[in-house]
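# Architecture at a glance
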Amino acid sequence: MPGEGTKTDMERIGLFSEMEYITVGDKYVSHFDRPFNEAASKKKQMLPGGSKEMSDLQAGYFEPRFVRIFEGEGYANLNQMRRKHMMQEAKKNLGKAFLPPNGDKKSCGVGSYYGTIGGPVPFFSAQSKPREKYEAPGKNLYTSPGKKGTGYGYANVTIGKQFTHSADVYDAPKLNYKKESEEHHRLLKGGPFKLNLYPREYFDTNPYFSEKSLPPIKKAEKKEVLPSPFKPSSPGKKAGGMKAGTFDPYPSHSADPYSAKSEKPSKAAKVFHPPGGPKSRPIESVMTLNVKRALNMKNYKTASIPSF
C-alpha cells in the first residue's frame, strides 16, 4: 500500500509507545546466589514461644485449669446393676422356666436301640435266619502222606529211586597221573640227550670270540651315476581286465595245489599226547554246608533263616 513505507514499527503494530525494560542497568546475579525467601532476612520477624512438652504441670495443656469429665457423680456397682436388670427381665415371664420331663437316654453299647425314637429295625436283627440242612460233600481222594525232609542228606525222600553207592578212591587223581607218567616214560626210546663237552665256569670270558677265520673284507661297489634320468617313450598302459598293460601274456593255469598236503599218520604209529593234570571234582559251597547243618528233618518247620 502507498504510504506504508513511511510508518514506524510502533505505528504499524498499533502501540502508543515502546514497552520499558525493568531490569535495564541492573547488576547480574546468578540464580544460585539468590536467597529462597529474601523478605525473611529483612526487618523484624514473628518469634513464637516454641512447642510445649506434655507434663504433669498445667503449662502442658491449653486450658488454664484441669477440667474433669465426671465430677460430682456417685459410685456405681456394675454387679449390682446387672442383677437388678436380670430381676426386671424375670418379672416379664408368665410362668416357671421350661424343664424337660426326662433327661437324655444314653446308649448301652454298640448296636443298641435304647434311647432311639424309631426303635429296633427288623432288617438289622442279629437273630439267625432259617437255613437249609447242610449236606457234607463226599470224601476226598486219600493218598500216602508226603515224605518229610528236603532231599539233601536224607534217604528215600525224593520221587525217584535212591542212587546206588559207588566206591571212589581218595587219591584217584594222583594215582591216575602216576599211571599216565609211567606209560609216557615207557614209550620213550633212549635217555635224554647230553653233550660230551668239557665243563666251563659259567660263561666264556669273551662272548665274541670265534675259532673260525674271518671272511675277507668286501669292497663296496661304486654305482655308476647316470647323467639324465630314464624317461619312457610312451605312458604306461592301464589295466582293463586283460593283458593290455603287461609286457608278456598271463602264465597258463596250473592245477598244482598251493601247498603240499600232509600225509595222515598211520594207525600203527602212536601219536604223542601230553599228560593231563589232576582232574577236579565238584565242591559244595560253604553256604550250602551251613544250610544242611542248620536245617534238618526235626527243625525244618520251626527253623528261621540263618544270617551269615
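All figures in this text were calculated on a predicted structure; none of them were measured in a lab.

## Topic: the overall build of the protein chain
- For the protein chain, the helix and strand inventory stands at 4 helices and 0 strands.
- Across the 308 residues in the protein chain, those meeting the buried criterion constitute 1%.
- Here the analysis covers contacts within the protein chain between residues at least 6 apart in sequence; of these, 28% occur between residues at least 24 apart.

## Section: the pattern of salt bridges
- All told, the structure shown has 2 salt bridges when counted by the stated rule.
- One salt bridge connects Glu89 with Lys92, and the closest N-O pair in it is separated by 3.6 Å.
- Judged by relative accessible area, Glu89 falls into the partly exposed class, the value being 36%.
- Where Arg186 meets Glu183, a salt bridge forms, and the shortest distance between an N and an O atom there is 2.4 Å. A residue pair is termed a helical-turn pair when its members lie 3 or 4 positions apart in one helix, as Arg186 and Glu183 do in helix α3 (residues 172–187) at 3 residues.
- Given the relative accessible area of 36%, Glu183 is considered partly exposed.

## Details of a nonpolar patch on the surface
- Residues Tyr113, Val121, Phe123 and Phe124 make up a contiguous nonpolar surface patch of roughly 450 Å² in combined accessible area.
- Relative to the assigned elements, Tyr113 resides in the loop between α2 (78–90) and α3.

## A short note on the layout of surface pockets
- By volume, the largest pocket is sized at about 290 Å³.
- In this structure, the largest pocket is lined by Glu180, Glu183, His184, Leu187, Leu188, Lys270, Val271, Phe272, His273, Pro274 and Pro275.
- The residue inventory of the lining of the largest pocket, partitioned by class, reads 6 nonpolar, 2 polar and 3 charged.

## Notes on α2
- The terminal C-alpha atoms of α2, which comprises 13 residues, lie 19 Å apart, in line with the 18 Å expected from a rise of 1.5 Å per residue.
- Among the residues of α2, the N-terminal cap falls to Asn77, whose side-chain oxygen and the backbone nitrogen of Asn79 are separated by 3.4 Å.

Here is what the cut-offs are and how they apply
- Residues numbered from 1 in each chain as written.
- Predicted model: local features only at pLDDT ≥ 70, side-chain atom pairs only at ≥ 80, totals over all residues.
- Heavy atoms only, no water.
- Helix = DSSP H or I, 4+ residues; strand = E, 2+ residues; numbered from the N terminus.
- Buried < 20%, exposed > 50% of the residue type's maximum accessible area, 1.4 Å probe, protein only.
- Contact = heavy atoms within 4.5 Å.
- Salt bridge = Lys/Arg side-chain N within 4 Å of Asp/Glu carboxyl O.
- Patch = residues over 30% accessible without salt bridge, like charges linked within 9 Å, V, L, I, M, F, W, Y side chains within 5 Å.
- Areas by Shrake-Rupley, 256 points an atom, 1.4 Å probe, with all protein chains shown as cover.
- 1 Å grid on protein atoms, 1.4 Å probe; cavity = no way out; pocket = protein on both sides within 12 Å on 5 of 7 lines; lining within 4 Å.
- Points joined across faces, edges and corners; volume = space filled by probe spheres on them.
- Nonpolar A, V, L, I, M, F, W, Y, C, P; charged D, E, K, R; others polar.
- Expected span 1.5 Å × (residues − 1).
- Polar contact = N/O pair within 3.5 Å; in protein donor to acceptor, adjacent residues only side chain to side chain.

Keep in mind these values describe shape, not function.
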